[in-house]
Amino acid sequence: MTAEALATEQPDNVDMGELAPYAGGPRLTDAESRHGAVSLTWADGTRADFPLMWLRDHCACAQCRHPRTRERLVRIIDLPETLPEPAVTLTASGALHLEWPAMSGFNVHESLFDAGWLYQRADAYRADPLDVDRKIPWTSAIADALPVADHHAFMHTEAGLCDWLQALDRYGFALLRNGPTEPGEVIRVAERVGWPRETNFGRHFDVVSMPDPNNAAYTAVALEPHVDLPNWQRPPDFQLLYCLANEAEGGESTLTDGLAVAWALRDRDPDAYRILTETRIDFRFQDENADIHYRGPVIGCDDNGNPSVLRFNNWIRDTLRLPAAEVDGFYRAYRRFWGMLRDPAWTLRFMLRPGEMIAFDNLRVLHGRDTFDPNTGHRHLQGTYLDRDLIRSRQRVLERATA
Ligand SMILES: [Fe+2]
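Just so it is clear, the structure is predicted and the values come from calculations on it, not from any experiment.

## Structural notes on the coordination of the iron ion
On the protein side, the iron ion has His226 (NE2), Asp228 (OD) and His367 (NE2) as donor atoms, found 2.2 Å from it. Motif for the iron ion, donor spacing along one chain: H-x1-D-x138-H. Placement of Asp228 in the loop between strand E10 (223–226) and strand E11 (238–246) and of His367 in strand E20 (residues 365–369) is noted, with a sequence separation of 139 residues between them. Each member of the pair, Asp228 as well as His367, carries the same accessibility label: buried.

The following block contains the structure:
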């Protein structure tokens, strides 16, 4: 059938059991059954062939998808392996209507698909609308336009929280300012998003200079750029560091967009990049109560071969177990990357003040700090971690209202 049959007013939405927005795309202008698929055309010229089994599997009627849990009920294993052709029509409101003929053991079944929902799924290679990569790489110049939100707006308004989560998504870090200096505030902030991820350092940790430290962060020494806990198979995705007091001299914080640096390394020194992406090395933390070890590459890549996860932390790098012939090459590559990571051109420096909090993507943005003198005043930060799943979930839910 063709566009003539379509009403001109805005199409009604079909409930697809999907809470992410899918309305507002172009109208469907044509639909026909062809060679075991339904061929669709939208008003902007997009065309797609949806296989019959895919369509039957994604039927959103109350028998096929639970109306409350939105989970799939239809079981394709119960259906014939080859489906008979359905009768294909476009409804007056622009939805795709399929009527599946009766087949052995099954009555006639009707499926209705929203045009916008199908449009989002028209190209299997199109980015998933739930998971669009919005990362914006940055250098030290970001100091002129820091992603920062007000603590009160973050805690008490959905817009404040959503803006902050979107900044965190884009830049891999975001600041909060004008918060209280009560101990435990970092947990209250984390609970505004989800719930803290506990580690061997506890539900939260106190970054203060201690007499008997089990970690470099608990001393006054300078910390080279690093990610936390690369010795875990699943390191924490995000870190929150909340400043309660900072009267000591020194101790400026640093952040470096490790993914931007990894991209630059790939351009400038492809051999070093190859070595760091292909060579798995050991990371390990040990104290009286724990011995946590993981072996992985310094630069981990996604399915497209792009850098996605960094494991750079020099003080918990364990024994280098590599064939002798690879050792010099590894050290050369590691030094090259390290040199770029500490380059001032890539490094954002700032002083975290009491009542301020920095949050960052622990697997993307490396953090560090300058040495400080604990004899000149008190310095006390509290930190905790959050899972990416919770952060992205919170962002998606808030974005439903703004889409
Ligand atoms: Fe750290």
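## Remarks on the sheet that holds strand E5 (residues 96–100)
Taken in spatial order, the three strands line up as E4-E5-E6 in an open sheet, and their pairing is antiparallel. Strand pairing shows two members of the sheet lacking a second neighbour, strand E4 (87–90) and strand E6 (109–113), which therefore form its edges. For this sheet, the mean angle separating the axes of adjacent strands, direction not counted, is 20°. Pairing of E5 with E6, which is carried by five bridges, proceeds in the antiparallel orientation. Within E6, the position partnered with His97 by the bridge is Leu112.

## Topic: the domain arrangement of the chain
What the domain assignment lists for the chain is domain 1 (3–131) and domain 2 (140–402). A C-alpha centroid distance of 43 Å is found between domain 1 and domain 2.

## Looking at the environment of Asp49
You can see Asp49 is positioned in strand E3 (residues 47–51). The spacing of Asp49 and Gln166 is 117 residues in sequence and 34 Å in space, taken between C-alpha atoms. Ignoring sequence-local partners within four residues, the contact set of Asp49 consists of Ala37, Val38 and Ser39. A polar contact of 2.7 Å, which involves the side chain of Asp49, links it to the side chain of Ser39.

Reading the values: rules and limits
- In this numbering scheme, every chain counts its residues from 1 along its sequence in written order.
- Local features in a predicted model are, by the rule used here, given only for residues with pLDDT of at least 70; side-chain atom pairs are given and counted only at 80 or more, and totals for whole chains, interfaces and linings are based on all residues.
- To obtain the side-chain values, all non-hydrogen atoms of the structure were used and water was disregarded.
- For Na, K and Ca the donor cut-off is 3.2 Å; for every other metal, N, O and S atoms count as donors within 2.8 Å. Water does not enter the count, which can leave sites looking incomplete.
- A run of DSSP states H or I qualifies as a helix once it reaches four residues; a run of E qualifies as a strand once it reaches two. Both are numbered from the N-terminal end.
- Burial classes follow relative accessibility: with a 1.4 Å probe on protein chains only, a residue under 20% of its type's maximum area counts as buried, one over 50% as exposed, and anything between as partly exposed.
- If DSSP finds at least two bridges between two strands, the strands pair.
- To get an axis, a line is fitted to the C-alpha atoms, and for a helix only the part in contact is used. The angle between two axes follows their N-to-C directions and goes from 0 to 180 degrees.
- These domain limits were set by an automatic method or by a database of domain assignments.
- By the convention used here, residues are in contact when the closest approach between their heavy atoms is within 4.5 Å.
- Under the rule applied, a polar contact is a pair of N or O atoms within 3.5 Å (in protein, one hydrogen donor and one hydrogen acceptor; residues adjacent in sequence only if both atoms are side-chain atoms).

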